[in-house]
Amino acid sequence: MIRRPFLRLPARMNTLQTPLLTLAVHEALLKARSAGGGTLECSLDLGLSRVSVDVGEDAWRCDGRDFPFMAACKERTVYWWTGAGFEPVSRYSGSLIKLVPTDWGPPTFEIDGIKMLPTAQVSPYADAERKVGLIQPAGKAILDTCGGLGYFAAWCLRGGARQVASFEKNPDVIWLRTLNPWSPTHSGADANPAFSLTNADVSEQIATLPSASFDAALHDPPRFGIAGELYSQAFYDQLARVLRPRGRLFHYTGSPNKLTSGRDVQREVANRLQKAGFATQLEGDGVLAVKGGLRAAR
């Protein structure tokens, strides 16, 4: 697959102080060393930028610092410099959660080997851009229910959202974001004041949010078998409550088990959203819904 460059980047991305290595970069470093060393141009931030690296026999040098060659490097793994060595960007707290490189540059992530973002036909970052466009973020207060790596939030901010309130249940996923240069900064001096990230279960927290407090919402839950509560009628009723009239919602569903079981989760979701007061239309791998009717929102 050919990596396609990104020319438009949201502001305030994570600024890393550590190089990130993948198998492709590792092999390029070894190849340069075998060729006698010298200068290698490569990316140490998963394709976000390119830098010049001085390759020697025992180490390679970047930004005035020397780094050792890795003894072993696995595919489908991102490595970060801990200060003592390169380690996988992964954590295990009941589930194995890891950052996974893609041919596109922006990474995806996995939970116990299950890929959380689409990567086969499109960059997960470009995929997020398309879906955010469906809710027309400019000037809006947006609820981002399941923040993941923050790609929805990044494009909402770039699209001129007035506020983005994002929730992420898993603290290990939030840790991945601190090492992913494609994730928006959510804390510190470089964070966008319009953006907030809360480590909480949105299925519980949504009941505490004021009614009619958001203009739009993005809902990208884990698959139904893992988080059925995020597909429930009760949760959709809450989404309708916190959205203002004509508020837009994009709900990612994918097509789990459709071919093998005949179950159509996309249409099931659309039917429940209609019961909650939304007008719906099937849109790609999800459902576009508008509180009060699609025609009224145009």
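Reading the values: rules and limits
- Residues numbered from 1 in each chain as written.
- Predicted model: local features only at pLDDT ≥ 70, side-chain atom pairs only at ≥ 80, totals over all residues.
- Heavy atoms only, no water.
- Domains from an automatic or database assignment.
- Contact = heavy atoms within 4.5 Å.
- Buried area = accessible area lost by both parts, 1.4 Å probe.
- Helix = DSSP H or I, 4+ residues; strand = E, 2+ residues; numbered from the N terminus.
- Buried < 20%, exposed > 50% of the residue type's maximum accessible area, 1.4 Å probe, protein only.
- Pairing = 2+ DSSP bridges.
- Axes fitted to C-alpha atoms, helices over the stretch in contact; angles between N-to-C directions.
- 1 Å grid on protein atoms, 1.4 Å probe; cavity = no way out; pocket = protein on both sides within 12 Å on 5 of 7 lines; lining within 4 Å.
- Points joined across faces, edges and corners; volume = space filled by probe spheres on them.
- Nonpolar A, V, L, I, M, F, W, Y, C, P; charged D, E, K, R; others polar.

- Within an unreviewed UniProt entry, the label attached to the protein chain reads MnmC-like methyltransferase domain-containing protein, and the organism entered is Hydrocarboniphaga effusa AP103.

**Remarks on the domain arrangement of the protein chain**
Then step 1. Taken domain by domain, the protein chain comprises domain 1 (20-88) and domain 2 (124-291).
Then step 2. Each of domain 1 and domain 2 has a C-alpha centre, and these two points are 36 Å apart.
Then step 3. Counting residues at the interface gives six residues for domain 1, matched by five residues for domain 2.
Then step 4. Roughly 490 Å² of surface becomes buried between domain 1 and domain 2 when both sides are summed, with 77% attributable to carbon and sulfur atoms.
Then step 5. The three residues of domain 1 that bury the most area against domain 2 are Leu46, Leu48 and Trp80, which together make up 69% of that side's buried surface.

**Topic: the environment of Trp175**
Then step 1. Along the chain, Trp175 falls in helix H4 (residues 171-179).
Then step 2. Note on Trp175: relative accessible area 15%, which makes it buried.
Then step 3. Sequence spacing of Trp175 and Leu149 is 26 residues, and the spatial spacing of their C-alpha atoms is 9.5 Å.
Then step 4. Other than its neighbours up to four places away in sequence, Trp175 contacts Trp80, Val89, Ser90 and Arg91.

**Re unusual backbone geometry**
Then step 1. A positive phi angle, close to 60 degrees, is found at Leu46, a residue other than glycine.
Then step 2. If you trace the backbone, Leu46 turns up in the loop between strand E2 (38-42) and strand E3 (51-55).
Then step 3. A relative accessible area of 6% places Leu46 in the buried class.
Then step 4. With a phi close to 50 degrees, Asp112 is a non-glycine residue in the positive phi region.

**Digging into the sheet that holds strand E7 (residues 86-88)**
Then step 1. The three strands lie next to each other as E1-E6-E7, forming an open sheet whose pairing is antiparallel. The sheet is open, and its two edges are formed by strand E1 (20-21) and E7, each paired on a single side.
Then step 2. Of the strand pairs in this sheet, E1 and strand E6 (residues 79-81) are connected by two bridges, and their pairing is antiparallel. Following the sheet pairing, Leu20 is matched in E6 by Trp80.

**Focus: the sheet that holds strand E4 (residues 59-62)**
Then step 1. Overall, antiparallel pairing links the four strands, which are arranged E2-E3-E4-E5 in an open sheet. The open sheet has two edge strands with one neighbour each: E2 and strand E5 (65-68). Each neighbouring strand pair of the sheet contributes to a mean axis angle of 35 degrees, computed without reference to strand direction.
Then step 2. Summarising the sheet, E2 and E3 pair through five bridges and their orientation is antiparallel. Paired with Thr39 across the two strands is Asp54, which belongs to E3.

**Topic: the layout of surface pockets**
Then step 1. Counted as a void, the largest pocket has a volume near 920 Å³.
Then step 2. Considering the residues around the largest pocket, the lining is formed by 42 residues, among which Met116, Asp220, Pro221, Pro222 and Arg223 are closest to the centre.
Then step 3. When contributions to the lining of the largest pocket are tallied by element, the ones reaching two or more residues are strand E10 (108-111), strand E11 (114-115), helix H2 (124-134), helix H3 (151-158) and strand E13 (163-168).
Then step 4. For the lining of the largest pocket, the per-class residue count stands at 25 nonpolar, eight polar and nine charged.

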